[in-house]
Each structure stands twice: as structure tokens, then as C-alpha cells.
Amino acid sequence: MIKYCPDLTGFEIRESYLRGGGTNKTVILNHCLKDSCVAYKNGKCIKYNSNVEIKEDGDK
């Protein structure tokens, strides 16, 4: 499993398709860029001091 990067989080505002619904704000989450990011080194995010890849029970 790969974590989402807080720096790459954004949002999109959409008009509601129902009458009287107003607008909806949708959050967009993006995966870590890994080797393309300057804060990434050896599977760890240096900026947030956390592991980027989490090994699940079935992974070895």
C-alpha cells in the first residue's frame, strides 16, 4: 500500500446537478511521487519522517 502525499492534496469545486443543491467540494488525493520527489529516500519520506510503503500481512 502506498500513502498519499499531503503536499499533493487538492480539491475541485463542482456544481450540484440537483436543484437547490449548491456546490460540492471534492477532495483529490495523489500518491507519493517516490523517486521524483526530493524528500523521498530509500522508501522513506524525509519531510514527514514516515515510511511511504507499508507492508501488508500478505506481503513479504
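Rules behind the numbers
- Residues numbered from 1 in each chain as written.
- Predicted model: local features only at pLDDT ≥ 70, side-chain atom pairs only at ≥ 80, totals over all residues.
- Heavy atoms only, no water.
- Disulfide = S-S within 2.5 Å.
- Buried < 20%, exposed > 50% of the residue type's maximum accessible area, 1.4 Å probe, protein only.
- Helix = DSSP H or I, 4+ residues; strand = E, 2+ residues; numbered from the N terminus.
- Contact = heavy atoms within 4.5 Å.

If you walk through the whole model with that rule in mind, you get zero disulfides. In this model cysteine 37 remains outside any disulfide bridge; the closest cysteine sulfur is found in cysteine 32, 6.1 Å from its own. Considering cysteine sulfurs only, cysteine 37 is the nearest to cysteine 45, which forms no disulfide, with 6.2 Å between them. The exposure class assigned to cysteine 45 is buried, which follows from its relative accessible area of 14%.

So, about the environment of isoleucine 13. Following the sequence through the fold, isoleucine 13 ends up in strand S1 (residues 10-15). Once the C-alpha coordinates of isoleucine 13 and valine 27 are considered, the two residues, 14 residues apart in sequence, prove to be 8.9 Å apart. Residue contacts for isoleucine 13: discarding those within four places in its chain leaves Thr23 and Asn24.

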